[in-house]
Amino acid sequence: MADDHAEDKEEEMEPEIEPEVEPEIAEEIIKGWVPKTRIGRLVKEGKIKSIDEIIEKNIEIKEPEIVDALLGELKEDILEINMVQRMSDSGRRTRFAVTALVGTGNGYIGIGRAHAKEVGSAIRKGVGRAKLNIMHIERGCGSWQCGCGRGHSVPFSVTGKSGSAEITIMPAPRGLGIVANDTAKRVLVLAGIKDAWTFTSGETRTKVNMSYATFNALKQIVGTRGVI
Ligand SMILES: [Zn+2]
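A. Representation of the overall build of the chain in the model. Each helix and strand counted, the chain has eight helices and eight strands in total. Scored against the burial criterion, the 228 residues of the chain give a buried share of 37%. Put simply, 62% of the contacts in the chain that link residues at least 6 apart link residues at least 24 apart.

B. Up close: the confidence of the model for the chain. In this model, the chain carries an average pLDDT of 87, and 85% of its residues clear a pLDDT of 70 or more. In this model, residues 1–23 is a region of pLDDT below 50 whose contacts with residues beyond four sequence positions or in other chains number 23 contacts.

C. Summary view of unusual backbone geometry. One non-glycine residue, Asn-58, lies in positive phi territory at about 60°. Residue Asn-58 is classed as exposed on the basis of its 7 C-beta neighbours within 10 Å.

D. Molecular detail of the sheet that holds strand β7 (residues 178–179). Read from one edge to the other, the open sheet built from four strands follows the order β5-β6-β8-β7, with strand pairing classed as mixed. A strand with exactly one partner marks an edge of an open sheet, and here the two such strands are β5 (158–162) and β7. Relative to strand β6 (residues 165–171), β5 runs antiparallel, the two sharing five bridges. The partner of Ser-162 across the bridge, within β6, is Ala-165.

E. The sheet that holds strand β2 (residues 91–103), seen in detail. The four strands are arranged β1-β2-β3-β4 in an open sheet whose pairing can be described as antiparallel. The open sheet terminates on both sides in strands that have one partner only, identified here as β1 (75–88) and β4 (135–136). Relative to β2, β1 runs antiparallel, the two sharing 13 bridges. Paired with Arg-86 across the two strands is Arg-93, which belongs to β2. Helix α8 (residues 207–218) contacts β1, β2 and β3 (108–116) of the sheet and is inclined by roughly 150° relative to β3.

F. How the structure looks around the packing of helix α7 (residues 182–191) against α8. Two elements in contact, α7 and α8, have axes separated by 8 Å at closest approach and are oriented at 40°. Judged by the inter-axis angle, α7 sits oblique to α8. Crossing of α7 over α8 shows right-handed handedness. Judged by residue contacts, Thr-183, Ala-184, Val-187, Leu-188 and Ala-191 of α7 engage Lys-207, Met-210, Ser-211, Thr-214, Phe-215 and Leu-218 from α8.

G. Representation of the pairing of β3 within the structure. Across eight bridges, the pairing between β2 and β3 is antiparallel. The residue bridging Thr-99 from the neighbouring strand is Arg-113, located in β3. Between β2 and the antiparallel strand that follows it, β3, lie four residues; Gly-105 among them carries a positive phi value of about 80°. For β3 and β4, the ladder comprises two bridges, and the chain directions are antiparallel. The residue of β4 that forms the bridge with Tyr-108 is His-136.

H. Representation of helix α6 (residues 119–132). Between its terminal C-alpha atoms α6 stretches 20 Å, which fits the 20 Å expected from 14 residues at 1.5 Å a residue. The set of residues buried in α6 consists of Ala-122, Gly-126, Val-127, Ala-130 and Lys-131. Along its buried surface, α6 packs onto α5 (64–71), β1, β2 and β3.

Cut-offs used in this document
Residues numbered from 1 in each chain as written. Predicted model: local features only at pLDDT ≥ 70, side-chain atom pairs only at ≥ 80, totals over all residues. Helix = DSSP H or I, 4+ residues; strand = E, 2+ residues; numbered from the N terminus. Buried ≥ 20, exposed ≤ 12 C-beta atoms within 10 Å, placed from the backbone. Contact = placed C-beta atoms within 7 Å. pLDDT = per-residue confidence, 0-100. Pairing = 2+ DSSP bridges. Axes fitted to C-alpha atoms, helices over the stretch in contact; angles between N-to-C directions. Parallel < 35°, antiparallel > 145°, perpendicular 65-115°, else oblique. Left-handed = near helix turned anticlockwise from the far one by under 90°. Expected span 1.5 Å × (residues − 1).

Laid out in structure tokens, this is it:
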């Protein structure tokens, strides 16, 4: 449902190793945006030019526009839309739950979940929350079979959990691709991991838990710049 994999083909045509995002301010987003936070105002005024300045200082991002302005157009992937129905005294109450991913395909990835009465607003809220959760992972080549030293995989094995779902993401040689279930693969693709082995256990078919477990595993390679 609402899966948009139109980007997949584009992805294949891109160079194998993409450059880091240029810290360019997206002019159009800036124009119509009235920031509500101090960080938002600094971004709009051009005093903060890179999302990394915010992420590295552990400053909470409270406006999705900050991410739009600093990273430009993000790829979005709606992982799941669930209809939740409840009976109450006044009748049936329907709500939608959405799990959304945003990413640049080269190191920035966010995940968010939201509920709303209408599908459209649930998606917008989910995407907005995913932006607020954006993180910058340091990719690497932790594969002894490869040793190319480029950022096509994970620098070392990382494990993450959510609910009963657990995943270990392991470095793989260039050209292998991502060996993972669909949900984990979608997270890794948006994060910009090109090659990886994975090992999963628990309730891996629950998309919410599987995607959060993958995101949690990637949290271990946030800010490892220079360490590897
Ligand atoms: Zn390599």
